[in-house]
Every structure is written in C-alpha cells, then in structure tokens.
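Overview (structure and organization)
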Amino acid sequence: MSALAGACSVTLDARVASAIVPLDVRAWRADLLARLASGARIVTLYGRPAPSAHAGAAAVMVTAVVQLTDGRLEVTRAVMDAARGYHAMTADVTALHCFERELHEQHGVRVAGHPWLKPIRFEAGGRAARDAYPFYAIEGKEVHEVAVGPIHAGVIEPGAFRFMCLGEIVHHLEIHLGYQHRGVEPLLLRRDARKLAPLVETIAGDSSIAHTWAYCAAIEALTAGDERAPVGPEIEAARGVMLELERIAMHLAGLSGLAADVGFLQGASSYGRLRTTAINTSMRLCGSRFGRGALRPGGSGVRLDAEAGAGFSRAELRQNLALLVNDLAIIDDCFLSARTVQHRLKGAGRLTTAQATELGLVGPAARASGLTHDQRAFGAGVYAEHPVTVVSEPSGDCWARARMRIVEIGRSLAWIAGVLDGDPVWTPRRASTAAPLELVADRLVVSVVEGWRGEAVHCLETDAAGALLHYKVQDPSLRNWLGLAIAVRENEISDFPICNKSFDLSYCGNDL
Amino acid sequence: MFKSLRVRASQGSQFIVDLRKAVPNGHRGLPTISTAPCPEGCHACVDACPTEAIAIEPVRLDLGKCVFCSECVHECPEGKFAFTSNPHLSARTREGLIVTEGPEGGPDPIATDAALKKLYGRSLRMRQVSAGGCNGCELELNAALNVNFDLARYGIEWVASPRHADALVLSGPLTRNMAEAVRLAWDAMPDPRFVIAAGACAISGGLYAQAEALDRGFLRDVGPVVYVAGCPPHPLGFVNAILQLLGIAPSAG
Ligand code: SF4
Ligand code: SF4
C-alpha cells in the first residue's frame, strides 16, 4: 500500500485507513512476529474502539506500526473481541511488553499469557487499584524492600519506586507510575483538531517541540484542499532549530542534575547556567523558554531577523551559540576528567546492546547502549539538507549516557550553525483557526519525531466523514522505564539517583 | 585545579543583582487589553482561547487560566490583545488575577503579609509537589534556586521533606492519582504552614480543567496564600511573588 505523505523532516506515514485490511487475530499475530523477526523494529502498538459485530461484545481495532531499516513505516491491523483477546507476544518479543499492558489497561483486551500484565498508569485511578496490584516480590530472610515516592526529594514529578535489595545491592526495581495521569488522550478528541497545539505542548512540557512537531506534521498531512500548501523550507528550518535547542537545553539540564548527584557542584552550576542561555535563546525566538507557541499546524511562531532591532537577530543567535560552544568545551573537559565523575558513572547502571535491543529502548538511552536508530537520519526536508550523523556509545553505563548527551549537544550546536550558514530570516505566520478545519476523511497518519529523549509517536485516524476518530500519543519514556529498572539490577541502591538521572525519563509523558 | 579556575573565569558572576527590576527580554508575559471597542457581536477571542480564560463585554482575561498561547492576539480583529515581557503575574486572590482593559488593567499588586513577614521574612523553606505538572512548572521552580536567580540569597530554599517545610508549592492540575499524596505531604508539614499555587494547572486546572482524571478537592479545602500565574511561570515571577509577600527588600542582595 502506498503512503500518501510528501517529503517532510518528520518520519511520516499517511494511508487510506479503510484500505488497510484488518487481519484475523491469529494471522495478525503471526504477521507482526514475522516482521519483527525479519529485522523490522516495533514503533507502536495500540487499540481503539471498533464497531462490534456482536451486540454486547466490545471490539477493538489494534494497530501495530513497524519501521524497516531504511526508515519506512508499515502498518498491520486486526479487529478483535476484547474479551477473547489473543495470546501475548511479549514472551517472544520483550519490547512489546508496554504496548500489550497498555492495550489491556485502556481497552480491556485479554492478553493471555503476558508475563507481567501490570497497568501502565492506573488510569482507572484510586488507591484501591494501586494497592490491589500484586507487586513483584522476592522472598527470603535477607531480602528487604525500600519504597520511595511517589513524592521524591527534589523538585521533580512524582512516581513510586520499590527496590528489592540484598544488603546494599538491588536485585530488582519495580517502577510504579500513573500518579501524573491527567487524561490527555480523551481531551485531544474534544476540540477542533487544529486547535490542539497548546495542549500537545504540555503532554511532556520538557519535550514540547518534539510532540508538537509530530502533531503539526500529522495535521498538515490531514489538511485538505487549498490549505494543503506544504510548509516551506523556512518553517521546516525554524522547527529544526527549535527541536535542536530543546535537545541542547534538556541535555544540559540532565548533565547539571548528574553533576549534582555525584557531588560535582561546579558542573551542576555551569551546566545549569548554560541551560539558561539555551532556553533564553528559545525565548528570544518564540517568546517561551520551552518553545511554546513556536509550532502551529501550517505555520510558525518563530522570529529571526537579519539585523539587530526589536526582535532577535542572526548575529545574536550566533553569539549565543558561540558562547555555548566556548564554555561547554571548558566545562565538558572539567566534568569528564574529574575523578569523582568517572568513578561514580563508569560501570554504573550498565545495559548491554543485547538488553537494549530486547527491551526496545529508544533515543539516547538506546544509542548509549550501542544501538543506532535516530529518526533524524531518515528525515527528508531540513534533516536531509543538513544531515545528522548518528552517534552511539558501546558501553551502556551511566558514563555512556552522560557522554552521549555531551556529544549530542555538540552535534546539535554544529547542526544549527549549519542551518544559519544559509542566512535565514524567519517570520511568524499562522493560519487562522477560526473556521473549523476540514480533515481528509478515512486516513491513518503516523508521525514520528526524534526528540531529546527519543521518538515521540503520534497516530491520528479520521473517519469516513473527516472527523478525528482516534488520537494516540506515545512518549519515548513509555518504552524506556523498564530499561532503567533492568539497569539498576546488581547495582548499589545508592547509585539509583545517577542511574535515574542518566535515563532522565518523563513521568507525565508516560502517564498521559 | 587549573581546569576549575578556567570554569570560574568563563563563568564569571551569573546572578541577577536586582531581581525585581530584571525583565526577561522576549518573554511572553503580562498581557494587556486595549480599550478599542469590539465589533458588534464578536467573540473571536473567546472561541480561540483553549482554556476559557477570556470573558467579553467588557473584555477580561483570567491570568489563572491563560497559557500564553497568544491565539487571542491572532484572532482579535481589533488587535485588542498584546503581550509584554513583564513576568510579574501573581496575586493574593483569584479575582486579583483578572486583567481588564486599559493600561492599568494588570493583576492586583501583592501586598506584604505582616504575619508571614514576621515568621518567614528571613528564612522560608518550601516543599514542591507536582500533581500532574508537565515538568514546565517544575523546571522553572527549580530554576528559581539556580545560579541566575539564586533565591537562596534571601534564606529561601527548597527542602526534601515536608516535615521541614513552611510552604507547600503546588504545580499541576491535581490528578486523582496524586490526591492522597498531596494531602499526606500537607499533613506532614508542621504549623504554621501555607500553600502557593504555581502555574495555570494548579490555579484553575489550566488546559486540563475539563479532564476527568483530576481531584482538586485539596485546593478547595486549603486555599493558596498566593497564586503565581504562568504556563509555566517565569522564575522571576515566582521569585518576586515571594519577595513581595514576605516584604523582602529588593536591594537586600
Ligand atoms: S493567550 Fe491566554 S487568553 Fe489568549 S487565547 Fe491563549 S490562553 Fe486564552
Ligand atoms: S501550568 Fe503549564 S507549564 Fe505548568 S504544569 Fe501546567 S501545563 Fe505545564
């Protein structure tokens, strides 16, 4: 089946929804497993309610999206009776564990034989549901449990961790999330599809650009008629620069936190104040330190002037970047050569390449374990014009995840400089949202953007009348939390903070 | 040692000397509403707003709901709305956050609370709890203590335990799944204590006001002493709200 999307920096796939023939459950299961066995990578798997053939039975349309090694996306679907469900695939492909858990939690699909069918986020809510959950437990006289959270010691989001330890050594960590669950997905279906940007920007407020770009690209692919004008290279370039600034800023925030957690205070303060420079650059470009308002479907809120004046000029932007390049060289050297940093980070929280592959990790956490997928490598548009070289580190420990972030900051700074070599001028322009948007009917759009934490995946489906039928959001954190749990095994419990910070996952992005 | 000195040299002094006067250049802060008359029957701004922050006849804007998306600016045919870089968006009351037409339409200034000043004017310990915050508010609240804003110079700091806290700073729309933990944190705090609501989510539910998965009961039971608006609030907004509430002189740095 041919994809309908044009060239764009986002990994995008748009198809006629009714032309994707749902397979019989068994055939679908076999089809998906065969695709994954032959080298494709799972991108997402999710359900939505489907019209039921039998009165009283809930039917669910389950969609799986895989990515081939050349970046192309493929879709395979099945309609199933929720109560009958199917036999879990997690035992064969561990990376599917979170999707099958979510499918069970959100749509009540019976996933028989799943080894760990714990709710992802306790959407139904309440203490009773949480307390009723049978935690993984290790028995033995010497084993003790340490429970932490949901409120942590710092100014961060909530989540609960339960460590099963033997002395100081962690045998297993059970991560218990859902405290941040606000109910993002139902809200996305309540407003005009073109007016969702402010909400999408807060799915994970530290990844506003990644999520909003995925959303904008999907809406642009669904826009019909006269409004279909593809966003030009100017808007694409501005979006790319905002995404890389977000990456730089959050990698700096992560490094600052890691430095603080190993007691290297000069690193904590220096990376922290350099993050201020990065987010203030975003603010000068679009009015918000988090890139809010920078991206809109078919438009842009980013302003860059040729000359110094009321706005923000190219010279000022270059100056900020030069400051970052210069000062980072000094603090990076200091950080990486500090004995305390090396001593604490090297060897801690190690995940092998095989483990990272098995768990289906994404983003820098995957690349720090030797994997090489990065959606930017597949992009047309501005990422084709200015290619990013995918970097990876083999060792998979906290040190590798820290180095990964240092290297990615450098590449992003160089990438922005490359875009600026073309002397761009960016003017904000937005389509009016007053008239309701007409969406192309009967489409399934999958849109994937490589944010600083990994791939943000948005799947939108329209019905035969052009109304938004379903909106599935996936933050990269969903897939990586189990990576953290496995990484801390056989580590000292006192190393948990650095392991956690080195993965730097989102709670609200997971909890939605 | 020499590497450390190089960092020191490149870093210099980063703190903002006068926090009250500092203006974040380019920040989308306090909105203003002009007195230009609205076209007959127009409600473009109301329709554009994602959080029902705007009411008309006369036009008013609730900072406690606003997420600074500037859709109203784009949709108003009369150009009544404009944003300034002023980061001071706080008030002691919910009504005090309503922006009205004209140059004097900003939020009510924060009056120093004599009792709070006496208790906390030289030392305030705050416990932050996020209950559905998107990490925007959390990052900005954290930034209030970084080397730039350096709130610690006034004896004001975050603490890890609610047992050590004087103030509970809430962010996020208060999810159902956090309702119990928020109450436990509050119950663990010794008297005297007070609540600060930071960000549109905490103040009004913000973009999540219509979500089912919330339980905002705690905020109805325990009213905040000060509301710090923004989505997220700029650190200068948060820092100044506290300095004003406690009557801390701006030049005391
Ligand atoms: S800027 Fe504020 S008032 Fe204006 S539309 Fe956005 S949320 Fe509503
Ligand atoms: S007020 Fe805005 S920035 Fe703060 S938590 Fe809510 S959505 Fe995020």
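For every chain, the first residue of its written sequence is number 1, and the numbers climb from 1 along that sequence. Lettering for chains starts from A, numbering for ligands starts from 1, and both go in the order in which the items are written. Since the coordinates come from a predicted model, pLDDT governs what is reported: local features require at least 70, and pairs of side-chain atoms require 80 or more to be given and counted, while whole-chain, interface and lining totals use all residues. To obtain the side-chain values, all non-hydrogen atoms of the structure were included, while hydrogens and water were left out.

**Points about the packing of aromatic side chains**
Planes of paired rings set the category: under 30 degrees apart is stacked, over 60 is edge-to-face and the rest tilted, where pairs are Phe, Tyr or Trp rings (Trp by its six-membered ring) whose centres lie within 6.5 Å. One pass over the full model with this rule turns up 13 aromatic pairs over all chains. Taken together, a centroid distance of 6.2 Å and an interplanar angle of 35° make the contact between Trp-213 of chain A and Tyr-383 of chain A tilted. Of this pair, Trp-213 of chain A sits in helix α6 (residues 208-221) while Tyr-383 of chain A is found in helix α13 (residues 381-385), placing the two residues 170 residues apart along the sequence. An identical accessibility class is assigned to Trp-213 of chain A and Tyr-383 of chain A; each is buried. Considering the side-chain rings of Trp-158 of chain B and Phe-238 of chain B, the 5.9 Å spacing of their centres and the 15° angle between planes classify their relative orientation as stacked. Residue Trp-158 of chain B is found in strand β8 (residues 156-158), and its partner Phe-238 of chain B is found in helix α9 (residues 235-245); the two are separated by 80 residues along the sequence. The class of Trp-158 of chain B is buried, set by a relative accessible area of 16%. Helix numbering and strand numbering both begin at the N terminus, where a helix is a DSSP run of H or I of at least 4 residues and a strand a DSSP run of E of at least 2. A 1.4 Å probe rolled over the protein chains alone gives each residue an accessible area, and that area as a share of the maximum for its type sets the label: buried under 20%, exposed over 50%, partly exposed in between.

**What about the domain arrangement of chain B?**
Residues and elements named next belong to chain B. In this document the domain limits rely on a domain assignment from an automatic tool or a database. Entries for chain B in the domain assignment read domain 1 (31-100) and domain 2 (114-246). For domain 1 versus domain 2, the distance between C-alpha centres works out to 25 Å. Only heavy atoms enter the contact rule, under which two residues are in contact if any of them lie within 4.5 Å. If you look at the interface, domain 1 gives 18 residues, while domain 2 gives 20 residues. Any carboxyl oxygen of Asp or Glu within 4 Å of a side-chain nitrogen of Lys or Arg constitutes a salt bridge here. Counting across the domain 1 and domain 2 interface gives 0 salt bridges. What qualifies as a polar contact is a pair of N or O atoms within 3.5 Å, subject to a donor-acceptor requirement within protein and to the restriction that residues adjacent in sequence count only when both atoms come from side chains. Taken together, the links from domain 1 to domain 2 amount to 4 residue pairs in polar contact (both at pLDDT 80 or more). Classifying every residue of the side of domain 1 that touches domain 2 gives 9 nonpolar, 5 polar and 4 charged. Under the convention adopted here, Pro, Cys and the residues Ala, Val, Leu, Ile, Met, Phe, Trp and Tyr are nonpolar, Asp, Glu, Lys and Arg are charged, and Gly plus all remaining residues are polar.

**Side note on the environment of Pro-297 of chain A**
All names here are of chain A. Within the element layout of this structure, Pro-297 appears in the loop between β10 (295-296) and β11 (299-300). Pro-297 sits 129 residues away from Glu-168 along the chain, and the two C-alpha atoms are 51 Å apart. Those residues in contact with Pro-297 that sit more than four places away from it in its chain are Arg-194, Tyr-215, Cys-216, Ile-219 and Glu-220.

**Here we look at α9 of chain B**
Residue and element names in this part refer to chain B. For α9, the tally of buried residues reaches 11 of 11 residues, placing the bulk of the element in the interior. Buried within α9 we find Pro-235, Leu-236, Gly-237, Phe-238, Val-239, Asn-240, Ala-241, Ile-242, Leu-243, Gln-244 and Leu-245. Residue Gly-247 follows α9 closely and has a positive phi angle near 60°.

**A word on the interface of chain B and chain A**
Each partner contributes to the interface: chain B provides 64 residues, whereas chain A provides 63 residues. Each of two parts loses accessible area, computed with a 1.4 Å probe, when they are put together; buried area is these two losses added. Note on chain B versus chain A: buried area summed over both sides is about 5,000 Å², and carbon and sulfur give 50% of it. There are 4 salt bridges connecting chain B and chain A. With its nearest N and O atoms 3.0 Å apart, the salt bridge here joins Glu-71 of chain B to Arg-430 of chain A. Counting the contacts that link chain B with chain A gives 28 residue pairs in polar contact (both at pLDDT 80 or more). Broken down by secondary-structure element, the contributors of at least two residues to the side of chain B that touches chain A are α1 (2-11), α2 (44-48), α3 (71-75), β7 (124-130), α5 (136-143) and α6 (179-188) of chain B.

**So, the pairing of strand β9 (residues 167-171) of chain B**
Residues and elements named next belong to chain B. With 5 of 5 residues buried, β9 lies mostly within the body of the structure. Neither face of β9 is exposed, since Ala-167, Val-169 and Ser-171 on one face and Leu-168 and Leu-170 on the opposite face are all buried. Taken together, the 5 bridges between β7 and β9 define a ladder with parallel strand orientation. Across the sheet, Met-126 pairs through a bridge with Ala-167, a residue of β9. Pairing between strands requires that DSSP locate at least two bridges from one strand to the other. Direction of pairing for β9 relative to strand β10 (residues 194-198): parallel, over a ladder of 4 bridges. Looking at β10, one finds that Ala-167 is bridged to Phe-194. Tracing the backbone out of β9, into α6 and back to the parallel element β10 gives a crossover that is right-handed. By convention, orient the strands away from the viewer: a clockwise path from the first strand over the helix to the second makes the crossover right-handed.

**Observations regarding the pattern of salt bridges**
All names here are of chain A. Following the criterion strictly, the structure yields 47 salt bridges over all chains and no others. Measuring nitrogen to oxygen at the nearest pair gives 3.4 Å for the salt bridge that ties Glu-316 to Arg-284. Here Arg-284 lies in helix α8 (residues 265-286) and Glu-316 lies in helix α9 (residues 314-337), a separation of 32 residues in the sequence. Looking at Glu-316, the relative accessible area reads 22%, which means it is partly exposed.

**Thoughts on the site of ligand 2**
Taken together, Thr-202 and Arg-292 of chain A together with Gly-133, Cys-134, Cys-137, Gly-199, Ala-200, Cys-201, Gly-230, Cys-231 and Pro-232 of chain B make up the full set of residues near ligand 2. Consider each residue's heavy atoms; a residue with any of them within 4 Å of a molecule or strand counts as near. Residues near ligand 2 are shared among chains A and B, making this a multi-chain site. Of the residues contributing to the shell around ligand 2, the split by class is 6 nonpolar, 4 polar and 1 charged.

**Examining unusual backbone geometry**
The amide bond that connects Glu-57 of chain B to the next residue, Pro-58 of chain B, takes the cis arrangement and shows omega of -10°. For the bond running from Cys-231 of chain B to Pro-232 of chain B, omega is -5°, close enough to zero to count as cis. If you trace the backbone, Pro-232 of chain B turns up in the loop between β11 (226-228) and α9. Phi at Glu-490 of chain A is positive, roughly 65°, even though this residue is not glycine. If you trace the backbone, Glu-490 of chain A turns up in the loop between α15 (477-487) and α16 (496-503).

**Considering the sheet that holds strand β3 (residues 60-62) of chain B**
All names here are of chain B. Pairing is antiparallel across the open sheet formed by 3 strands, whose spatial order is β2-β3-β6. Of all strands in the sheet, those with a lone pairing partner are β2 (54-55) and β6 (98-99), marking the two edges. Sheet topology note: the β2/β3 ladder contains 2 bridges and is antiparallel. Looking at the pairing, Ala-55 lines up with Arg-60 of β3.

**Details of the layout of surface pockets**
Note on definitions: the grid is 1 Å and covers protein atoms alone; a cavity is a set of points where a 1.4 Å probe fits but cannot get out; a pocket is an open set with protein on both sides within 12 Å along at least five of seven lines; lining residues have an atom within 4 Å of a point. Grid points are joined across faces, edges and corners, and a volume is the space filled by probe spheres set on the points. Counted as a void, the largest pocket has a volume near 1,400 Å³. Lining the largest pocket are 46 residues, and of these Val-155, Ile-156, Gly-257 and Lys-501 of chain A together with Asn-142 of chain B lie nearest its centre. Tallying contributions element by element places α8 of chain A first for the lining of the largest pocket, with 7 residues. Its residues placed into classes, the lining of the largest pocket shows 24 nonpolar, 12 polar and 10 charged. Its volume calculated, the second largest pocket comes out at about 580 Å³. Lining the second largest pocket are 25 residues; nearest its centre among them are Cys-286, Gly-287 and Arg-303 of chain A together with Gly-26 and Arg-28 of chain B.

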